[in-house]
There are 2 protein chains.
Amino acid sequence: MIGNPQSVAPEPSFRDFSKLCVHTITTKPWSVEEAAEHFAMSGIGGITVWRDALANRNIYQIGQLLRDHNLSIVSLCRGGFFPNLEAAGRQAAIDDNRRAIDEAAELGAPHVVLVCGAVPGQPLTESRKQIRDGIAALMPHAEASGVRLAIEPLHPMYADNRSAINTLGQANDMAEELNSPFVGVAVDVYHLWWDPDLEKEIARCGKNGHLYAFHICDWKTPTLDLLNDRGLMGEGCINVRQIRSWVEAAGFNGFNEVEIFSNRYWAEDQAEFLEKIKHGYLYHS
Amino acid sequence: MIGNPQSVAPEPSFRDFSKLCVHTITTKPWSVEEAAEHFAMSGIGGITVWRDALANRNIYQIGQLLRDHNLSIVSLCRGGFFPNLEAAGRQAAIDDNRRAIDEAAELGAPHVVLVCGAVPGQPLTESRKQIRDGIAALMPHAEASGVRLAIEPLHPMYADNRSAINTLGQANDMAEELNSPFVGVAVDVYHLWWDPDLEKEIARCGKNGHLYAFHICDWKTPTLDLLNDRGLMGEGCINVRQIRSWVEAAGFNGFNEVEIFSNRYWAEDQAEFLEKIKHGYLYHS
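Quick summary incoming for the structure in this document. Predicted model, so just to flag it, every value in this text is computed and none were measured.

Turning to the packing of helix α4 (residues 124–145) of chain B against helix α5 (residues 168–178) of chain B, a few remarks are in order. Residue and element names in this part refer to chain B. One way to put it is that α4 packs onto α5 with a least axis distance of 11 Å and a crossing angle of 40°. Judged by the inter-axis angle, α4 sits oblique to α5. Crossing of α4 over α5 shows right-handed handedness. Side by side, α4 and α5 meet where R128, I131, R132, I135, A136 and M139 of the first sit next to Q170, M174, E177 and L178 of the second. Of the residues in the contact of α4 with α5, the class split is six nonpolar, one polar and three charged.

Before going further, it helps to spend a moment on the interface of chain B and chain A. Contacts between the two partners involve 23 residues from chain B and, on the opposite side, 23 residues from chain A. The contact between chain B and chain A buries some 1900 Å² in all, and 72% of this surface belongs to carbon and sulfur atoms. For chain B, the biggest contributors to the area lost against chain A are B:D160, B:W194 and B:L226; these three give 28% of the whole. Run the count over chain B and chain A and you get zero salt bridges. Taken together, the links from chain B to chain A amount to six residue pairs in polar contact (both at pLDDT 80 or more). A class-by-class count of the residues in the side of chain B that touches chain A yields eleven nonpolar, eight polar and four charged.

Attention shifts here to the pairing of strand β3 (residues 72–80) of chain A. Residues and elements named next belong to chain A. Burial analysis of β3 places seven of its nine residues in the buried class, the great majority of the element. Relative to β3, strand β2 (residues 46–50) runs parallel, the two being bridged by five bridges. Residue W50 lies in a different strand from β3, and its bridge partner there is C77. You can see the chain leave β2, run along helix α2 (residues 59–68) and come back into β3, and the turn it takes is right-handed.

In this section: the pattern of salt bridges. Applying the stated criterion to the full structure yields 36 salt bridges over all chains. Of the charged contacts, one joins A:R204 and A:D173 as a salt bridge, the two residues approaching to 2.6 Å between their closest N and O atoms. Taken together, the residues span a long stretch of sequence, with A:R204 in helix α7 (residues 198–207) and A:D173 in helix α5 (residues 168–178) at a distance of 31 residues. A:R204 gets classed as partly exposed once you look at its relative accessible area, which sits at 22%. For B:D133, the salt bridge is made with B:K129, and the minimal N-O distance between the two is 3.2 Å. Of this pair, B:D133 and B:K129 both sit in helix α4, four residues apart, roughly one helical turn. Among the residues examined, B:D133 registers a relative accessible area of 35% and is labelled partly exposed. One salt-bridge network, held together by shared partners, links A:R51, A:D96, A:R99 and A:E103.

Criteria and cut-off values
Residues numbered from 1 in each chain as written. Chains lettered and ligands numbered in written order. Predicted model: local features only at pLDDT ≥ 70, side-chain atom pairs only at ≥ 80, totals over all residues. Heavy atoms only, no water. Axes fitted to C-alpha atoms, helices over the stretch in contact; angles between N-to-C directions. Helix = DSSP H or I, 4+ residues; strand = E, 2+ residues; numbered from the N terminus. Parallel < 35°, antiparallel > 145°, perpendicular 65-115°, else oblique. Left-handed = near helix turned anticlockwise from the far one by under 90°. Contact = heavy atoms within 4.5 Å. Nonpolar A, V, L, I, M, F, W, Y, C, P; charged D, E, K, R; others polar. Buried area = accessible area lost by both parts, 1.4 Å probe. Salt bridge = Lys/Arg side-chain N within 4 Å of Asp/Glu carboxyl O. Polar contact = N/O pair within 3.5 Å; in protein donor to acceptor, adjacent residues only side chain to side chain. Buried < 20%, exposed > 50% of the residue type's maximum accessible area, 1.4 Å probe, protein only. Pairing = 2+ DSSP bridges. Right-handed = clockwise from strand over helix to strand, strands pointing away.

Right under this line is the structure:
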């Protein structure tokens, strides 16, 4: 049966969640152990772990626990935040990113996602230089550890204090300039859906082997909070299915990672929310 | 005395507000008559009038009142909102924009600023086509009325329902494609400050004679509301002075228009707020 690709899901027997990944922050009220159990019971194939979920844990044992639940460990979130007005602060950021690489290696995550950082009032050109220098300083350790670094461009509304890298074109430029098999990009529909060059830039990073990760959610109208009001796929204006088709046409065959920051959903029963995620994944991505 | 250009204002005798313009919406609690009186008393040179401020007024008489106060009428805000799922809705938008052009002519405003519009869920490519077609349909009336149309690119965080034109590059492309002496662009630092191509695109529209208007304010960290939490120049991370230098280098010698939507400032005494605007203009733009 052929229908509107935005509203018709496959028949139940084809309901396959093996390429669905959920970020621990998406179900923030759950511990990483609870998330592992629920994701596994739901047939979800992957998990991306945020570093706060690893606090006071033996990281290697958490990795084992996830593997025991047949969950692929897709990414560690997040490193980055390289820019700083002071050299000491920039060095501290590099040191912290080294620890993130170590944590990824210990956990068994193939890459660390980088939210690159920005300093309000510092020129974006200077922040971009500091980001490039920070990643370059990490490259030997990343390579030695077998952990890749994924530059995630963030929406321009975060250019003040979260990232001076705001388009996929900028992330691709930087990955190409750094020219390492350990540096690529992460594509998040929330940050990039509005960009008229998106299809072209996705093809570009796919062709270069730089496309490491694909994050999905939706943009609600109205959006009530700049940080924590993301929507489930299907709740907003992003054509996730179309962007996914571009990503797959670019050769990406990794996970569809659901990364939702939402005060509203965090207040709900997380098992019910996980069912909604599965529904949104089937019908709207 | 030479100092930090971000913190040193000219000596009092050089405090010249003749190129400062304030939007009626910036001091929304005031009627247009009150705004005229206060702006004139403050030595401010220009006013941009929002259409809501003209409700139940004789528009020609308001124009006379403003001229009697020695205020230049800089722009009429705002037309646009062309995209619609229905043809009838698109026609209604064009009809409303014709009225906006008539109002600008009656008021004596040289141009109408266009917030171009978007429909959540309609592909941005389709909305952009509808915007182009809408402006093209208006061009004969704009020319006959001697009123220009300024395409204002809006920040990507408004791509869901306010504008599918989100960079100055896109606005310049459209103005060049429409190729009329009555269609240009408006540059607003709030929407565009993050764009790595901004300096280049400002030079481009300046060279083409397409740079009609320049809007200033600031981006606060944190920004608490997507719509109504803009900052005064100097309160945030935008280097307004640098962008103004690019605009002036591109040949623009028009007004610096302060357009601030702020629940916080609208709740203050507007005469005190106007003094802060003058201070922000002198020290941070």
